[in-house]
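Descriptive structure summary
Here is what each chain is made of, one letter per residue.
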Amino acid sequence: VAMMASRLGFGESVCVRVAQTVDAMLIFSTAYLLQSRCGRVAILCYRGTEPSNLGNWFGDADVGSHTIALGNERLTVHAGFYRNVRATRWQVLELLHAAARGEPLTDVRAKTVYPLEALYITGHSLGGAMAVLFALGLAGQEEHRVLRDKLRAVYTFGQPLVAGAPPPEIEASVGPKLFRHVRGRDIIPSLPPRVWGSLQHFGQEFHYADGRWHRREEMTAQLAGFREASRATLAMLAPARKRDAQRYTMADHWPHQYVAALRPAERVTELGDRE
């Protein structure tokens, strides 16, 4: 993570990994927190689903119906996603509050040049869901106001649905800062299906088509059932001609597809070379 940050212009930053695994509780939570050399900027990155980890997939499917308090309001959220956020949340908050006090993340005895001024949160897939839930937590709890005021943006990629309709005050706080990216026919932003409970997207949505990103006023809708999800999984294995005929495909969801669509021109690729 630190190496890729350097290639993209965030050199000499500090990178801290916060992780918690409790397989019996379907918790597979990993966050990377980057702090700029001067201390002004922090980027919180949540890792997405680990494809080879069956327990991680079970956690994603644990939609449930968990209600959280956001100030005086309440919001229904995806139980599995929220449990993963909670598993590492307090350690991440401790680090961010330290950065806000002007402390470096790797040596609390020292001081950075400046305290935290700008916080960015990001993640792909499950990581995107966790990024949104973490931002909602900042917006709804007064004790973290210092961090909420420093939040500049939340960028998610291939993010699934995470919650019901947020209270107007919370949506007004987080919505303008939330930038959701959906590539081509990626099916994950339409999941979980409505049969497991009604959820909806909010914020600003961008779709990748015809070689560029387009702002969309209409949010990606939640699928009604499982049929399209199974077709999308099979489409990933089909020949290109048959795959292109499908409405959805898991092939558009993988992180390398989003990286390719987002990579700045003339930069070193994630594999260390140039295209």
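Now for a look at the structure at hand. (Residues numbered from 1 in each chain as written. Predicted model: local features only at pLDDT ≥ 70, side-chain atom pairs only at ≥ 80, totals over all residues. Heavy atoms only, no water.)

A few words on the pattern of salt bridges. Inspection of the entire model under this criterion finds ten salt bridges. Here Arg 145 ties to Glu 142 by a salt bridge, and the two come within 3.3 Å at their closest N and O atoms. Take Arg 145: its relative accessible area is 42%, and that puts it in the partly exposed class. Since its relative accessible area comes to 48%, Glu 142 is described here as partly exposed. Asp 149 is the partner of Arg 148 in a salt bridge, and the nearest nitrogen-oxygen pair spans 4.0 Å. A residue is classified by how much of its surface remains accessible, and Asp 149, at 47% relative accessible area, is partly exposed. Where salt bridges share partners, they join Glu 142, Arg 145, Arg 148 and Asp 149 into one cluster. (Salt bridge = Lys/Arg side-chain N within 4 Å of Asp/Glu carboxyl O. Buried < 20%, exposed > 50% of the residue type's maximum accessible area, 1.4 Å probe, protein only.)

Quick look at the packing of helix H3 (residues 79–100) against helix H4 (residues 126–140) now. The geometry of H3 relative to H4 is characterised by a closest axis approach of 10 Å and an angle of 60° between their N-to-C directions. Classified by the interaxial angle, the pair formed by H3 and H4 is oblique. Viewed along their axes, H3 and H4 form a crossing whose handedness is right-handed. On H4, the residues touching Phe 81, Tyr 82, Asn 84, Val 85, Arg 89, Val 92, Leu 93 and Leu 96 of H3 are Leu 126, Ala 129, Met 130, Leu 133, Phe 134, Gly 137 and Leu 138. (Axes fitted to C-alpha atoms, helices over the stretch in contact; angles between N-to-C directions. Helix = DSSP H or I, 4+ residues; strand = E, 2+ residues; numbered from the N terminus. Parallel < 35°, antiparallel > 145°, perpendicular 65-115°, else oblique. Left-handed = near helix turned anticlockwise from the far one by under 90°. Contact = heavy atoms within 4.5 Å.)

Attention now goes to the side chain of Thr 220. One can find Thr 220 in the loop between strand S10 (212–216) and helix H7 (227–235). Residues within four places of Thr 220 in sequence aside, it is in contact with Val 182, Pro 189, Ser 190, His 201, Glu 205 and His 207.

The eight strands are arranged S1-S2-S3-S6-S7-S8-S9-S10 in an open sheet whose pairing can be described as mixed. The open sheet has two free edges, formed respectively by strand S1 (14–22) and S10, since each of these has just one partner strand. Averaged over all pairs of adjacent strands, the angle between their axes in this sheet comes to 20°, without regard to strand direction. Examined bridge by bridge, strand S9 (residues 204–209) and S10 share five bridges and lie antiparallel to one another. The residue of S10 that forms the bridge with His 207 is His 214. H4 contacts strand S2 (27–35), strand S3 (41–46), strand S6 (118–124), strand S7 (151–157) and strand S8 (178–183) of the sheet and is inclined by roughly 145° relative to S6. Sitting on the sheet, helix H9 (residues 255–262) is in contact with S6, S7, S8, S9 and S10, with an inclination near 110° to S8. (Pairing = 2+ DSSP bridges.)

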